[in-house]
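Fold and contact review
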Amino acid sequence: MYLVKWNEEDGVLEASLGGHVTIGEAQVFTDSVINELNEYHGGTFTFVLDYSKASRLDDGVMEVFHVVQTYCKLRGAQKYVCVARNNEEIEFMTRLRLQQVLEGEEEYQLALAA
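The present account deals with the structure reproduced in this document. (Residues numbered from 1 in each chain as written. Predicted model: local features only at pLDDT ≥ 70, side-chain atom pairs only at ≥ 80, totals over all residues. Heavy atoms only, no water.)

Our focus in this paragraph is the packing of aromatic side chains. As enumerated under the stated definition, the model contains eight aromatic pairs in all. Ring geometry for Tyr2 against Phe29: centres 5.7 Å apart, planes inclined by 80 degrees, an arrangement best described as edge-to-face. Residue Tyr2 is located in strand E1 (residues 2-7), and its partner Phe29 is located in helix H1 (residues 23-39); the two are separated by 27 residues in the primary sequence. A residue is classified by how much of its surface remains accessible, and Phe29, at 0% relative accessible area, is buried. Their ring planes at 15 degrees and their centres at 4.0 Å tell us that Trp6 and Tyr40 sit as a pair that is stacked. Of this pair, Trp6 sits in strand E1 while Tyr40 is found in the loop between H1 and strand E3 (45-57), placing the two residues 34 residues apart along the sequence. Every member of this aromatic cluster is reached through a ring pair, and the members are Tyr2, Phe29, Tyr51 and Phe65. (Phe/Tyr/Trp six-rings, centres within 6.5 Å; stacked < 30°, edge-to-face > 60°. Helix = DSSP H or I, 4+ residues; strand = E, 2+ residues; numbered from the N terminus. Buried < 20%, exposed > 50% of the residue type's maximum accessible area, 1.4 Å probe, protein only.)

Encoded structure:
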């Protein structure tokens, strides 16, 4: 299951997934995010992808998430925030995308800041 919603007051597009995420669900999720972005006519925004409640990600799901992230950047996202399932994912993604993290374009965390 997933949820995609705008917090237009703060300029944040929040997308959350939970449970067992299949490649098919990830693709439908991607279509929902793209539809939201195609209807958005504001300025820059932050894209928050929260999959911390996902119990399992099928092969290929992380690649689909990368497509969503790239599309958001192309549509004006100034920052990408990923809420991961555990510290190992955060460490791996931070090392993989270190330049973007250091430049403040991306952030990896366990729980959304209050």
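With respect to the element layout, Gly76 can be found in the loop between helix H2 (61-74) and strand E4 (77-83). Given a relative accessible area of 25%, Gly76 falls into the partly exposed group. Expressed as a C-alpha distance, the spacing of Gly76 and Asn86, which sit ten residues apart in the sequence, is 28 Å. Once you skip the residues sitting within four places of it in the chain, Gly76 turns out to touch Thr44 and Phe45. (Contact = heavy atoms within 4.5 Å.)

This next bit is on the pattern of salt bridges. Inspection of every chain in the model, using the stated rule, returns six salt bridges. The shortest N-O distance in the salt bridge between Arg56 and Asp58 comes to 3.2 Å. Residue classification places Arg56 among the partly exposed residues on the basis of a relative accessible area of 47%. With a shortest N-O distance of 2.9 Å, Lys73 and Glu106 are connected by a salt bridge. In this pair, Lys73 is assigned in helix H2 and Glu106 in strand E5 (residues 106-109), connecting sequence segments 33 residues apart. Lys73 sits in the partly exposed class, given a relative accessible area of 30%. In the salt-bridge network here, residues are joined through shared partners; they are Lys73, Arg97, Glu105 and Glu106. (Salt bridge = Lys/Arg side-chain N within 4 Å of Asp/Glu carboxyl O.)

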